Amino acid sequence: MKTIDIICIGEVLIDFIGHEVNTSINRTKDYHRFLGGSPTNVAVNASRLGLKSVIVATCGQDGLGDYIVRKLKANEVNTNYISKLETAPTSVIFVSKSTETPDFIPYREADCNILEHQLPDELLEKAKIFHTTCFALSKNPARETILNRARKAKELGLQLSIDVNFSERIWPNREEAKQVIKEYLSNDPLVKLSEDDCYRLFAEVKSEDYIFDYFHNLGATTICLTKGKNGVVLSDKNHGLFFQEALPINEVKDATGAGDAFWTGFLYAQLQQINLEDSISIAQKLASLKLQNVGRLPDGIDFKEYLKA
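Here's a quick rundown of the structure.

### Overview of the sheet that holds strand β13 (residues 240–244)
Pairing within the open sheet is mixed, and its nine strands lie in the order β5-β4-β1-β8-β9-β10-β11-β12-β13. The open sheet has two free edges, formed respectively by β5 (82–85) and β13, since each of these has just one partner strand. The sheet shows a mean angle of 15° between the axes of neighbouring strands, taken without regard to direction. Examined bridge by bridge, strand β1 (residues 4–9) and strand β8 (residues 127–133) share four bridges and lie parallel to one another. Looking at the pairing, Ile-7 lines up with Phe-130 of β8. This element, helix α5 (residues 142–155), spans β1, β8 and β9 (159–163) of the sheet and lies at about 155° to β8.

### Observations concerning the pattern of salt bridges
This model, assessed by the stated rule, comprises 16 salt bridges. Note that Asp-103 is salt-bridged to Arg-169, the shortest N-O span being 2.8 Å. Here Asp-103 is found in the loop between β6 (92–97) and β7 (104–107), whereas its partner Arg-169 is found in the loop between β9 and α6 (174–185), with 66 residues between them in sequence. Residue Asp-121 is joined to Arg-149 by a salt bridge in which the shortest nitrogen-to-oxygen separation is 2.2 Å. Residue Asp-121 is found in helix α3 (residues 121–125), and its partner Arg-149 is found in helix α5; the two are separated by 28 residues along the sequence. Judged by its relative accessible area of 11%, Arg-149 falls in the buried class. Ionic contacts of the salt-bridge type, sharing partners, join the residues Glu-195, Glu-208 and Lys-227 into one network.

### Notes on the side chain of Lys-178
The residue Lys-178 is located in helix α6 in this model. Look past the residues within four positions of Lys-178 in its chain and what remains in contact with it is Leu-201, Phe-202 and Tyr-214.

What counts and what doesn't
- Residues numbered from 1 in each chain as written.
- Predicted model: local features only at pLDDT ≥ 70, side-chain atom pairs only at ≥ 80, totals over all residues.
- Heavy atoms only, no water.
- Pairing = 2+ DSSP bridges.
- Helix = DSSP H or I, 4+ residues; strand = E, 2+ residues; numbered from the N terminus.
- Axes fitted to C-alpha atoms, helices over the stretch in contact; angles between N-to-C directions.
- Contact = heavy atoms within 4.5 Å.
- Salt bridge = Lys/Arg side-chain N within 4 Å of Asp/Glu carboxyl O.
- Buried < 20%, exposed > 50% of the residue type's maximum accessible area, 1.4 Å probe, protein only.

Shown next as structure tokens:
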């Protein structure tokens, strides 16, 4: 029986998000604390959409780690596979509050210490989707753990997924990053990436054709490229290209986590076996909601009703 909709593997951390909008980090005076990390955001969002989500991650045996676990439990995310280290503190990231792609400074400690015992076969056998990120793959031992268990997940019939949220600040060695991404993409995951991710990964602007050819050739059937206010383009080997304009938004309050909201919506739709075009629409609705709210998605919303394509 598949009792878990999605396993999210990777960084669990604290985002300290600047209080002043569109202010550089060197001029930001005050920061507010939020639960953070891309896989963490997806796990929380998925749970709030009514999915059964599990987070596989590592934090410190400290006050911030306690805060993380408390927040995840409050959002009904399964935390049984979170490890707490006494030898390293919880990772934190300082983030500028921005209506565009935010600036950030990472302080990485415990997050990369994900070990294979945290992803046992019996967990994989119960799940439908295995999701991770470039951030999570950027350092060992998490990298080897995720690559090894991804192969097992593929054997067991799970749908793999990745957010190619590459940043040279997290992963200075681009060529190494490309090799690791290649290995993960050989499992044919659903791929989400942004124009900013691509610019950072290739160190120059690349055409959509180049981007789609590059990732298709590595083994991915379905690739979703988000372009901010310029919309979304999806390329699928079997169904071709789809483009949607961005949804109109009166005021962007906070872009942090918008990509994670988008991808949660897309994975949610795919679990419902919704077609690709309507999956993009659902993803955009969730992302637009996040853009209009600081921190997590707002309370008091019937998400299933809101997300009807």
